[in-house]
Amino acid sequence: MGDTIAAISTPQGEGGIGIVRISGEDALNIMKKLLTPCPVNVKPRYAYYGNICRVDSDEIIDEAICLYMKAPHSYTCEDVVEIQAHGGTLSIRMILRAVLEAGARMAEPGEFTKLAFLNGRMDLAQAEAVIDVIKAKSELPLQIAERQLKGRLGAEVQNIRESLRDVLAQMAVNIDFPDEDIEQVEFEKFREDLTSVAERVKKLLDTCDNGRIAKEGIRVAIVGKPNVGKSSLMNALLGEERAIVTNIPGTTRDTIEESANIHGIPLVLTDTAGIRETADVIEQIGIRKSHEEMEAADLIILVLDGSDRLSQEDLEILKQNREQKVLVILNKEDLGTTIQEADINQVIPNAEILRTSLLSMDGADVVVQRIEKMFVSGIVNMTERNIVTSERHRDALERGMASLKDSIHLLEIQEPIEICELEAHNAYEALGEIVGETAGEEILDTVFSKFCLGK
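About the thresholds
- Residues numbered from 1 in each chain as written.
- Predicted model: local features only at pLDDT ≥ 70, side-chain atom pairs only at ≥ 80, totals over all residues.
- Heavy atoms only, no water.
- Pairing = 2+ DSSP bridges.
- Helix = DSSP H or I, 4+ residues; strand = E, 2+ residues; numbered from the N terminus.
- Phe/Tyr/Trp six-rings, centres within 6.5 Å; stacked < 30°, edge-to-face > 60°.
- Buried < 20%, exposed > 50% of the residue type's maximum accessible area, 1.4 Å probe, protein only.
- Lys NZ or Arg CZ within 6 Å of the ring centre and 35° of its normal.
- Lys, Arg positive; Asp, Glu negative; His and termini not counted.
- Salt bridge = Lys/Arg side-chain N within 4 Å of Asp/Glu carboxyl O.
- Polar contact = N/O pair within 3.5 Å; in protein donor to acceptor, adjacent residues only side chain to side chain.
- Contact = heavy atoms within 4.5 Å.

1. As for the sheet that holds strand β5 (residues 60-69)
With respect to topology, seven strands assemble into an open sheet ordered β3-β4-β5-β6-β2-β1-β7, the strand pairing being mixed. Here the strands that pair on one side only, and so sit at the sheet edges, are β3 (35-36) and β7 (105-106). With six bridges connecting them, β5 and strand β6 (residues 80-87) associate as antiparallel partners. Note on β6: the bridge partner recorded for I65 is Q84.

Now the structure itself:
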């Protein structure tokens, strides 16, 4: 705080335009030192064209347009100058060097957004949404991030905290001005109010799993024995020949990861090595990776040769994923039907089962439709609500919920109100971390370290 900072705000590499951003009380003076010609009275939000020269030199670095935004009407709520020049790698770096020589210091990652947060332009949830907007890989996570950037999530959390603050204030009155022992009805009123708050926190927590999937994608592990059609499914879902397909068992010896999307939700597909007993050391490593991918996946797609009988290896894979969400593909329907759905349900009662042939795109379309039914429709239907996508937010909500439950329990067994109030206050503090009101320096450093330079 107090320094004038600068950084390149456009991506590295060649482009039509490159931007150097400056923020701080000396931003305008730096612009006047470098821009030739530059008027004495620079008006905010006007574009000024000229040449950028080194300090105290006539050496021209590049021609540019400079924009001045006067505090507090800027991204950081400080004086901000943007120098827009040609997007050459060398020229934009030379402009930044000239800005630093003129009195600015290099900005740290995310420091512009950190200033916006510290100066009250946005809450911490909004600040985190900035990086989510930048990193969004498909339409739905971008849509969710834009809603958070507008302050929707922060406003809901603040609203919950206000309700909790009212309860805490009433508890404080009972603690500070006790006439007599608290009556049963007062304990019951506190319990009802905290239960109402807890229900609102739970509604946010219930969106976390879908929120993570919307942001990071559905991690799908395609598993099965060798030569059952795993790579054919991978290629069909991607619409390109990404994985090698042969009739030789063990062709895929390592995991292959690619991304697609369904209705704007990323689909992270991993084609794994065929699982079987083998003496091949390299193939064993691939099979070990297959098991690791299964443990980390949101969805296991188990491809079976539906025209053959269930083998011991097939049963072992089913048993291993009994607790996972599994979609069983009974492939090679064109060759006849041997495996029955009842055979699968004996091991995994709730498994989704599809019969298809992956020889055509129609087979892959059926798989996509089932994945859409299992994941996408529920997430898309939630987009009008606030969806929690951040693990940091989830952790704060879980800690807040745990404290609320403890406080409610203490009220039910009529423990001293001071103890009940302490747990309720812990919940208030935990929720405050989401919007940044109770976030310490360590949390802020962690959040803003994820940003790129210049943002």
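Anyway, onward from the coordinates.
2. So, the packing of aromatic side chains
Taken as a whole and judged by the stated rule, the model has two aromatic pairs. Measuring from ring centre to ring centre gives 5.5 Å for F448 and F451, while their planes differ by 40 degrees; the resulting arrangement is tilted. In this pair, the class of F448 matches that of F451, namely buried. Put simply, the rings of F117, F448 and F451 touch in pairs and so form one group of aromatic residues. When the ring centre of Y75 is taken as origin, the NZ or CZ atom of R21, which lies over that ring, is 5.3 Å away.

3. Let's talk about the side chain of D79
As for its placement among the helices and strands, D79 is situated in the loop between β5 and β6. Here D79 occupies a buried position and makes no salt bridge, while the nearest side chain of opposite charge, K70, is found at 4.9 Å. A polar contact is formed between the side chain of D79 and the side chain of Y68, at a distance of 3.4 Å. There is a polar contact of 2.8 Å between the side chain of D79 and the backbone nitrogen of A71. If near-sequence neighbours (up to four positions away) are discounted, D79 is found in contact with I22, S23, G24, E25, A27, Y68, M69, K70 and A71.

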